[in-house]
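# Structural characterization, general
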2 protein chains.
Amino acid sequence: VLTEQPPVICGIGSIVGKNEAEGPCGQWFDRSDTDDLFGQKTWEKAEGYLQREALSLALQSAGLTHPQLDLLFAGDLQNQCIASSFGLMGYNLPFVGLYGACSTMIEGLGLAAVFVAGGAAERCAAVTSSHFCTSERQFRFPLEYGGQRPPTAQWTVTGSGATVVCREDLAAGAFGRIRSVTFGRICQLGVNDINNMGAAMAPAAADVITAYFDDTGKKPSDFDFIVTGDLGSHGAEMTKKLLLLSDIDVEGHYLDCGCLIFPDREQYGCGGSGCGCSATMLNSYFLKRMAAGEYENLLFVGTGALMSPLSIFQGEVIPAVAHAVHIGR
Amino acid sequence: VLTEQPPVICGIGSIVGKNEAEGPCGQWFDRSDTDDLFGQKTWEKAEGYLQREALSLALQSAGLTHPQLDLLFAGDLQNQCIASSFGLMGYNLPFVGLYGACSTMIEGLGLAAVFVAGGAAERCAAVTSSHFCTSERQFRFPLEYGGQRPPTAQWTVTGSGATVVCREDLAAGAFGRIRSVTFGRICQLGVNDINNMGAAMAPAAADVITAYFDDTGKKPSDFDFIVTGDLGSHGAEMTKKLLLLSDIDVEGHYLDCGCLIFPDREQYGCGGSGCGCSATMLNSYFLKRMAAGEYENLLFVGTGALMSPLSIFQGEVIPAVAHAVHIGR
């Protein structure tokens, strides 16, 4: 989907936990807390709080109040996406619930761009989050169990990011403009190892990047960077190799948010993961640097693994999906 | 969201289980099976099969093949929406995953309409499903336990419905046209009884219907029927009463899919529920009758409860959301 009158990213917000704030990208995030509960009673409520705060920060940065938004696009990793529904309920805004696993930030941003570009909305926002403790409880083991992780495993980011998108003539300022949106297909190459999500998601990332370059005739050097959401170091290497099979060489023009936010392999395995990984990095590090003139063009690719614990127990493969947005200044 | 050039509903498909086929609406559904597994190994795979078949039937009825679709909008009730991801993976189409609980059919249809009306897609489809056995396993008790149900409980529909939406000039025929879409807000009035979903969802239904009439200045008598997805007899009564508080009297112009598909209170409690309830009824009974000239205007309201088993265990209320589409001939 190409946008003739590119919607403007007019507000961004990010909030993270202690580990993320102490990492190498810590300076870029708007807010953080040293306590995983963020003052709430449960981790689930804490994740809802993160979404509420991220949207509030994004609205502040856009100079808007929430009644000026037409629509929210949101989702998360928790069963039935309760971080979004409970977290954002108080805004009392029309709500479109999404499930794209870790691709949710880009899925929501893509939908927001299509709504604004097509005239269906003037201003809307995309929000998502993840939380290490809610994800471990739901997808893996109780934290108290202290399960060991294989080297291909990743570490779920505790954090939330929100983006406000509006029509050009309504924007007070611009962090960037959404020049195209590519919704991806569900892909799988037979990976069914829950501790190797990078390998499960790499085919979807490579598929949507290939589709984007095939459709537009552009090449990797047209971009400062092609950025994937949370493939981690293992998945990022696989994606580069899969792209070479389609004669697309992204060397020197490729970054992965998971590797940037948690580069310490000893502690975090292959890097950060979760909806919050791409959401916090996009809405801080990348868009703040674009606003500062450091980047001209980014191809931002959100990657999500669509399995459930039940489908894994039933021996199924891990299907994955990826969506891409071209963000230019 | 109003559409100036209304997108056309050019294809519909529905497939149901044994109970639905033997009920009073049985004649309207395209296909059914006497076995809940539909030839699959697990109920989860069976629900995926239902989505695959419903989309295939909808494509047939539109005279299209799947590569002619630009985009799929889909979701379901299973954790991480695995019925949609596994069921529709084989179509190899761009995929936008949704979570709107039982409002998913109308959420997807609304997004499809906005994409087509705004020029972001030429043809796309919305699909959703539910399955009695996957829902019981996930949200309630193992089937073998034989838990008793209170009188306000409903019965999850086993079935899937799919709708193909396209631009007017590309349509071979029309079941109806989408004249407006209203995305609803998350509402709750303190209900936290998992066996009384009708009461939890009624405030959201009333809110979006009120918003629609406030925005458009129309009145209930402008419609053959205002149709809610799966409030059941108890929720439907509550919705009528809540609407009266806003001076909207829908008496004589109101139906609920849950009451139509499972009217037998002894066996099914307050009626049918689940994403498949509104999906199968919209894509058979209602749109076939509209195509036959029996209806001129329907306001179709999908209602979804956004709790998870975990949020219920943690003592939270049940937030709900509803979306509305005005379908005219």
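Residues numbered from 1 in each chain as written. Chains lettered and ligands numbered in written order. Predicted model: local features only at pLDDT ≥ 70, side-chain atom pairs only at ≥ 80, totals over all residues. Heavy atoms only, no water.

## Observations regarding the overall build of chain A
- A tally of helices and strands in chain A yields 11 helices and 13 strands.
- Overall, the C-alpha framework of chain A stretches about 50 × 50 × 35 Å when taken along its three principal axes.
- Counting all 329 residues of chain A, 64% fall into the buried class.
- For chain A, the exposed surface amounts to about 11,100 Å²; the carbon and sulfur share of it is 48%.
- Positive and negative charge centroids in chain A, built from 21 and 35 side chains respectively, lie 4 Å apart. (Helix = DSSP H or I, 4+ residues; strand = E, 2+ residues; numbered from the N terminus. Buried < 20%, exposed > 50% of the residue type's maximum accessible area, 1.4 Å probe, protein only. Areas by Shrake-Rupley, 256 points an atom, 1.4 Å probe, with all protein chains shown as cover. Lys, Arg positive; Asp, Glu negative; His and termini not counted. Charge placed at Lys NZ, Arg CZ, Asp CG, Glu CD.)

## Thoughts on the relation of the copies chain B and chain A
- Here chain B sits on chain A after a turn of 180° about the axis and a move of 0.0 Å along it, with an RMSD of 0.0 Å. Taken together, the rotation angle and the small translation identify this as a two-fold axis. (Least-squares fit on C-alpha atoms with pLDDT ≥ 70 in both.)

## With respect to helix H6 (residues 197-216) of chain A
Residue and element names in this part refer to chain A.
- For H6, built from 20 residues, the straight-helix expectation of 28 Å at 1.5 Å per residue is met to within 8% by its first-to-last C-alpha distance of 29 Å.
- Extensive coverage of H6 is indicated by the burial of 16 of its 20 residues.
- Phi turns positive, to about 70°, at Gly217, one or two residues after H6. (Expected span 1.5 Å × (residues − 1).)

## Some thoughts on the interface of chain B and chain A
- Contact residues are listed per partner, giving 49 residues for chain B and 49 residues for chain A.
- Each partner contributes to the roughly 4,000 Å² buried at the junction of chain B and chain A, and carbon and sulfur atoms together form 66% of this total.
- Two residues, Lys45 of chain B and Glu316 of chain A, come together in a salt bridge whose shortest N-O distance is 2.9 Å.
- Linking chain B with chain A are 18 residue pairs in polar contact (both at pLDDT 80 or more).
- Where the side of chain B that touches chain A is concerned, the elements lending two or more residues are helix H2 (43-62), strand S3 (71-76), helix H3 (82-88), strand S4 (95-97), helix H4 (104-117), helix H5 (132-139), helix H11 (309-313) and strand S13 (320-328) of chain B.
- Of the residues forming the side of chain B that touches chain A, the biggest block, 4 residues, is contributed by H4 of chain B.
- Classifying every residue of the side of chain B that touches chain A by side-chain character gives 28 nonpolar, 15 polar and 6 charged. (Contact = heavy atoms within 4.5 Å. Buried area = accessible area lost by both parts, 1.4 Å probe. Salt bridge = Lys/Arg side-chain N within 4 Å of Asp/Glu carboxyl O. Polar contact = N/O pair within 3.5 Å; in protein donor to acceptor, adjacent residues only side chain to side chain. Nonpolar A, V, L, I, M, F, W, Y, C, P; charged D, E, K, R; others polar.)

## With respect to the pairing of strand S9 (residues 225-228) of chain B
All names here are of chain B.
- In terms of strand pairing, S9 meets strand S12 (residues 297-305) through 4 bridges, oriented parallel. Within S12, the residue paired with Ile226 across the bridge is Leu299.
- Viewed along the sheet, the connection from S9 through helix H7 (residues 232-245) into strand S10 (residues 254-256) turns out right-handed. (Pairing = 2+ DSSP bridges. Right-handed = clockwise from strand over helix to strand, strands pointing away.)

## A closer look at unusual backbone geometry
- If you check the backbone angles, Gln80 of chain A has positive phi at about 60° while not being a glycine.
- Mapped onto the elements of the fold, Gln80 of chain A is located in the loop between strand S3 (71-76) and helix H3 (82-88).
- The backbone phi angle of Asn92 of chain B is positive, close to 60°, even though this residue is not glycine.
- Among the structural elements, Asn92 of chain B can be located in the loop between H3 and S4.

## As for the side chain of Glu136 of chain A
Residue and element names in this part refer to chain A.
- Position of Glu136 among the secondary structure elements: in helix H5 (residues 132-139).
- For Glu136, a relative accessible area of 7% corresponds to the buried category.
- Separated by 2.8 Å, the side chains of Glu136 and Arg149 make a polar contact.
- In this structure Glu136 touches Phe141, Leu143 and Arg149, once residues within four positions along its chain are discounted.

## Side note on the side chain of Thr182 of chain A
All names here are of chain A.
- Locating Thr182 in the fold gives a position in strand S8 (residues 176-182).
- Residue class for Thr182 comes out buried when judged on its relative accessible area of 12%.
- Not counting the four nearest positions on each side in its chain, Thr182 is found in contact with Val208, Tyr212, His323 and Ala324.

## So, the nonpolar core
- If you look at the biggest cluster of nonpolar residues, it comprises 136 residues, and the most contacted ones within it are Leu55 of chain A together with Leu55 of chain B.
- In terms of residue count, the dominant contributor to this core is H6 of chain A (11 residues).
- Contacts of Leu55 of chain A, omitting those with residues within four sequence positions, involve Leu69, Leu72, Leu88, Tyr91, Ala125, Val127 and Ala162 of chain A.
- Core analysis: the second largest hydrophobic core is formed by 101 residues, Ala112 of chain A together with Phe175, Val181 and Leu287 of chain B among them. (Core = buried A, V, L, I, M, F, W, Y, C linked by side-chain atoms within 4.5 Å.)

## A short note on the environment of Leu57 of chain B
All names here are of chain B.
- Checked against the element boundaries, Leu57 lands in helix H2.
- Through-space distance from the C-alpha of Leu57 to that of Leu310 is 36 Å; in sequence the pair is 253 residues apart.
- Setting aside chain neighbours within four positions, we find Leu57 in contact with Ile12, Gly13, Ser14, Ile15, Asp30 and Arg31.

## Observations concerning the confidence of the model for chain A
- Residues of chain A with pLDDT of at least 70 account for 100%, and the chain-wide mean is 95.
- Across the predicted assembly, pTM comes out at 0.94 and ipTM at 0.92. (pLDDT = per-residue confidence, 0-100.)

## What about the state of the cysteines?
Residues and elements named next belong to chain B.
- Taken as a whole, this structure holds 0 disulfides over all chains when the rule is applied.
- Of all cysteine sulfurs, the one in Cys102 lies closest to Cys275, which takes part in no disulfide; the gap is 4.9 Å.
- Overall, Cys275 belongs to the buried group, its relative accessible area being 0%. (Disulfide = S-S within 2.5 Å.)

## Section: the pairing of S3 of chain B
Residue and element names in this part refer to chain B.
- Among the 6 residues that make up S3, 6 are buried, leaving the element largely enclosed by the rest of the structure.
- Along S3, one buried face is formed by Leu71, Phe73 and Gly75 and the opposite face, lined by Leu72, Ala74 and Asp76, is buried too.
- Note that S3 and strand S5 (residues 123-130) share 6 bridges and pair parallel. From the neighbouring strand, Asp76 faces S5, where its bridge partner is Ser129.
- Bridge count between S3 and S4: 3 bridges; the pairing is parallel. When the bridges of S4 are listed, Leu72 appears paired with Phe95.
- For the segment spanning S3, H3 and S4, crossover handedness is right-handed.

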